Amino acid sequence: MSEYPALPEGIAFGGDYNPEQWPREVQEEDVRLMRQAGVNLVSLSIFSWVLMEPREGVYEFGWLDQIVDRLHHAGISVNLGTPTAVPPAWFSARYPGAFPVTREGVRVGSGGRQNACSSDPDFRAAGARLAEQLVTRYGDHPAVVMWHVHNEYGAPLGECYCPSSVAAWREWLRHRYESLDALNTAWGTTFWGQRYGEWDEIDAPRWSHTVVNPAQRLDYARFANEEHLSHYRLQREILRRCGKPVTTNFAGTVNCKSMDLWRWAPELDVIANDHYLDGERPDNHIQLAMSADLSRSLAGGGPWMLMEHSTGGISWQPRGIAKRPGEMRRNSLAHVARGSDSVLFFQWRASRYGAEKWHSAMVPHVGTDSQIWRDVVALGQDVRRLSPVRGSRVTGEVAIVWDWESYWAIELEWRPSADLSFRERVDAFYEALWREHVTTDFVHPSADISAYKLVVVPSSYLLTEGSAKNLQRYVEAGGHLLVSYFSGIVDENDTVHEGPYPGALREVLGLAVEEFHPLRERETVALTGGAMGRIWSERVRLARAVAVREFADGPDAGHPAVTGNGFGAGTAWYLATALAGDDLRGLLGEVLDRAEVRRPRGLPDTLEFVRRGPHVFLINHGDAPVTVAGVSGTDLLTGALFPGWVPPGGVAVVETPAG
């Protein structure tokens, strides 16, 4: 974000603003209250297509002109949206072929959002025409500092199975494989007699009464991702003509399974993410940190934007859990700690009607005589004080491998265990690192990982030969690699790598796996040293590796459960079961020490410790004060010297003298 000086100075503060829901007198009060709260950026017109184009080809922007001008006169900048996530009723009536179709063959109806298919030519053309109108009218407006395309691609619309999608799918396959022989080989169509002789014989992998070809399913996930990305690019190229940055808001980096965000990241001028807490998870601040770290990683380690989060309860969760005192402040500043140069909410004023009327807002239904409003105003003051943080970077010594294609592949049907889950292992390793006060990056397995002291591979079931060689070179050059079970098993076509498991990682790990022994539900196995494994056990046969721990009971009693293999100048570790909690943290601590990963010692795991540039963020999620030794300097939030401790539920941002 620091590359775009037109954006607000300091940290951007504000959120989604939907003035079309309110009369003029409320709109005028909104601007007054925004100034009181310190708002300097709002996202505008995200859902306003029907107001901009009430009838096809008839555009009305007078109402929007007034709002943009009013915000500009108040010194508030605008992130102007293209509202293609909500096509008007006239569009749906005139172009019913644009309605998405589910995998089960159900045609999606109107009245919601994302109810038009990204492959549909009429939808694309109408969105492009609207983008042309917007950039012509507002491209030079001084209030408009950036553009916001669509809204949360992939949520809820991921894959579509309409006729337009199927036609685009066949063209995508022609381009990817060039010949049917290549496609048949990649998909393994000799299994169950699925061989194709003509391109038109290939349908989308619709629902069937048994398992559909997993390689075809995997390719369709890739195709759907590319279709949404193509829809984004179409509007982006139109909007870029005015020279201002263009983005779209990810629907939660860790939760948006359907979009491969490594593919999206290079296409955005600014990485922007929405994050909503799991209100019922007691340690949901760890999941927040994980989402922020993945956002920063998508930004290449640079600053990014928190485009949406909530002041309190969330309308679409089973229970709209309100935030505890100080929680909104801690949530907001934790995102800044991990690289965000903005604190933005959905939404500014709570809606009185519609699907999200019970979603919390900066101005709640009760108005300004409320704790939420007082907290919003106080947060605005905190955000202004953090201006020196803008543009600085967060640097980690540890990375976790995250690959959306492996995410898709491991969770298809008929895997060796119903308990296999991409997120379960990633979450477990991330939590253990967080509690060890290790700031963690995320990487694609093919990325340059040479700068990291430790790379963790929790869930890379799908791993290409090229990515496996990349990990091997990293270890050879002196890196430390920690791999969890069921990784390196299949290639990009979901074809099992030739030879014993773990296939592509067999050489660097120095072992082979004879047989998987998935555990029964709630079954556990003991390891020497006292740890308990669950979900998985396997028969490991050592080649060059040595056993660090063995299974003490279960189907693989007496065989290796944790191994280490010196390979070149580095070491590759392997864990053949699912450890969690303190068991995983204990093992991970040993590996961190061997890899010489620096981290603060002696702090409780209720304290979040993150260094961003010369600033140390200390966020106390516990109910007791925490003493922090070795950190000195001025607390940006108070202007005073840091006293050496953080109160319960408190936050300190210490500018250290020498960085």
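Reading across from one edge, S5-S4-S3-S2-S1-S9 is the order of the 6 strands in this open sheet, with parallel pairing throughout. Lying at the two open borders of the sheet, with one neighbouring strand each, are strand S5 (246–247) and strand S9 (342–345). Seen against the sheet, helix H12 (residues 371–385) touches strand S1 (12–17) and S9 and runs at an angle of roughly 140° to S1.

So, on to the state of the cysteines. Per the counting criterion, the structure on display carries 0 disulfides. Not engaged in a disulfide, the cysteine Cys162 finds its nearest cysteine sulfur in Cys160; these two sulfurs lie 3.5 Å apart. For Cys162, a relative accessible area of 1% corresponds to the buried category. Cys160 provides the cysteine sulfur closest to Cys256, a residue in no disulfide bond, and the two sulfurs are 16 Å apart.

Another aspect to go through is the pattern of salt bridges. Tallied over the full model, the rule gives 54 salt bridges. Across the pair Lys257 and Glu411 runs a salt bridge whose closest N-O atoms are separated by 2.9 Å. Of the two residues, Lys257 is situated in the loop between strand S6 (249–250) and helix H9 (261–264) and Glu411 in the loop between helix H13 (404–410) and helix H14 (422–435); the sequence distance between them amounts to 154 residues. Overall, Lys257 belongs to the partly exposed group, its relative accessible area being 28%. According to the relative accessible area criterion, Glu411 is partly exposed, its value standing at 31%. Note that Asp293 and Arg296 form a salt bridge whose closest N and O atoms lie 2.7 Å from each other. Separated by 3 residues within a single helix, Asp293 and Arg296 lie in helix H10 (residues 284–298), roughly one turn from each other. Residue classification places Arg296 among the buried positions, given a relative accessible area of 0%. Several salt bridges share partner residues, and in doing so they unite Arg281, Asp283, Glu431, Arg435, Glu436, Arg585, Asp593, Arg599, Arg601 and Asp605 into one network.

Each full turn of the α-helix corresponds to 3.6 residues, which orients residues three or four apart in the same direction. Considered for burial, the residues of helix H7 (residues 180–187) that qualify are Leu180, Leu183, Asn184, Ala186 and Trp187. Viewed along the axis of H7, the buried residues span an arc of 165°, placing them on a single side of the element. Residues of H7 that are exposed and point more than 90 degrees away from the buried face comprise Asp181 and Thr185. Here the buried face of H7 lies against helix H6 (163–177) and helix H8 (214–239). Positive backbone phi, at 60°, marks Gly188, one or two positions downstream of H7.

Here we take up the pairing of strand S26 (residues 651–655). Counting buried residues in S26 gives 4 out of 5 residues, a clear majority hidden from the surface. One ladder, built from 5 bridges, connects strand S22 (residues 615–620) with S26; its direction is antiparallel. Paired with Ile619 across the bridge in S26 is Val651. Alignment of strand S24 (residues 634–635) against S26, held across 2 bridges, turns out to be antiparallel. When the bridges of S26 are listed, Thr634 appears paired with Glu655.

What follows deals with the environment of Arg241. By the secondary structure assignment, Arg241 is in the loop between H8 and S5. Exposure remark for Arg241: the relative accessible area of 58% places this residue in the exposed category. A distance of 2.8 Å separates the side chain of Arg241 from the side chain of Glu132, its partner in a polar contact.

With that settled, the discussion passes to helix H5 (residues 121–138). The terminal C-alpha atoms of H5, which comprises 18 residues, lie 26 Å apart, in line with the 26 Å expected from a rise of 1.5 Å per residue. The secondary structure elements touched by the buried residues of H5 are helix H2 (49–52), helix H3 (62–73), strand S3 (77–82), helix H4 (89–94), strand S4 (144–149) and H8. Residue Asp120 occupies the N-cap position of H5, its side-chain oxygen lying 3.1 Å from the main-chain nitrogen of Asp122.

Here the idea is plain: a probe the size of a water molecule rolls over the atoms and shows the empty space left. Volume-wise, the largest pocket comes out at about 730 Å³. Phe47, Val86, Gly111, Gly112 and Arg113 are, among the 25 residues lining the largest pocket, the residues nearest its centre. Of all the secondary-structure elements, those providing two or more residues to the lining of the largest pocket are H2 and H4. The leading source of residues in the lining of the largest pocket is H2, at 3 residues. Looking at the lining of the largest pocket, its residues break down into 11 nonpolar, 11 polar and 3 charged. In this model, the second largest pocket occupies a volume close to 510 Å³. Among the residues forming the lining of the second largest pocket, the class breakdown is 16 nonpolar, 5 polar and 3 charged.

So, on to the sheet that holds strand S7 (residues 272–274). Spatially, S6-S7-S8 is the arrangement adopted by the 3 strands of the open sheet, whose pairing is parallel. Bordering the open sheet on either side are S6 and strand S8 (305–308), each of which pairs with just one other strand.

Moving on: the packing of aromatic side chains. Tallying each qualifying case throughout the model produces 35 aromatic pairs. When the ring of Tyr407 is compared with that of Phe422, the centres are 4.5 Å apart and the planes differ by 15°; the resulting orientation is stacked. With Tyr407 in helix H13 and Phe422 in helix H14, this pair connects stretches of sequence that are 15 residues apart. Owing to a relative accessible area of 7%, Tyr407 belongs among the buried residues under this scheme. For the ring pair Tyr501 and Phe516, a centre distance of 4.2 Å and an interplane angle of 15° mean the geometry is stacked. Remark: Phe516 occurs in strand S14 (residues 511–516) and Tyr501 occurs in the loop between strand S13 (480–484) and helix H16 (506–509); sequence separation between them is 15 residues. Looking at Tyr501, the relative accessible area reads 26%, which means it is partly exposed. Each member of the aromatic cluster is reached from another via a ring pair, and the members are Tyr161, Trp169, Trp172, Trp187, Tyr196, Tyr220 and Phe223. The residue whose ring lies beneath Arg349 is Trp22, and the NZ or CZ to ring-centre distance is 5.5 Å.

Thresholds applied
Counting starts from 1 at the beginning of each chain's written sequence and moves along it residue by residue. Predicted model: local features are reported for residues with pLDDT of at least 70 only, side-chain atom pairs are reported and counted for 80 or more only, and whole-chain, interface and lining totals are derived from all residues. Excluding hydrogens and water, the side-chain figures rest on all heavy atoms present in the structure. Two strands make a pair as long as DSSP finds a minimum of two bridges between them. Strands are runs of DSSP state E lasting at least two residues, helices are runs of H or I lasting at least four, and both sets are numbered from the N terminus onward. The contact criterion used is simple: two residues touch if any of their non-hydrogen atoms lie within 4.5 Å. Every axis in this analysis is a line fitted to C-alpha atoms, fitted for helices over the stretch in contact. Angles between the N-to-C directions lie between 0 and 180 degrees. Cysteine sulfurs are considered disulfide-paired once they come within 2.5 Å of each other. With a 1.4 Å probe rolled over the protein chains alone, any residue whose accessible area is under 20% of its type maximum counts as buried; one over 50% counts as exposed, and the rest are partly exposed. What makes a salt bridge here is a side-chain nitrogen of Lys or Arg within 4 Å of a carboxyl oxygen of Asp or Glu, nothing more. Taken from the helix axis, the directions to the C-beta atoms give the arc we talk about. Pairs of N or O atoms are called polar contacts if they sit within 3.5 Å, as long as, within protein, a hydrogen donor faces a hydrogen acceptor (for residues adjacent in sequence, only side-chain-to-side-chain pairs). Working rule for helices: expected span equals 1.5 Å times residues minus one. Detection works on a 1 Å grid of protein atoms alone, calling trapped sets that fit a 1.4 Å probe cavities and calling open sets with protein on both sides within 12 Å along at least five of seven lines pockets, with lining residues defined by an atom within 4 Å of a point. Grid points are joined across faces, edges and corners, and a volume is the space filled by probe spheres set on the points. Each residue gets one label: Ala, Val, Leu, Ile, Met, Phe, Trp, Tyr, Cys and Pro are nonpolar, Asp, Glu, Lys and Arg are charged, and the others, such as Gly, are polar. Each Phe, Tyr or Trp ring (for Trp, its six-membered ring) is paired with any other whose centre lies within 6.5 Å, and the angle between the two planes then decides the class: stacked below 30 degrees, edge-to-face above 60, tilted in between. Put simply, a charge is over a ring when the Lys NZ or the Arg CZ is close to the ring centre, within 6 Å, and near the line of the ring normal, within 35 degrees.

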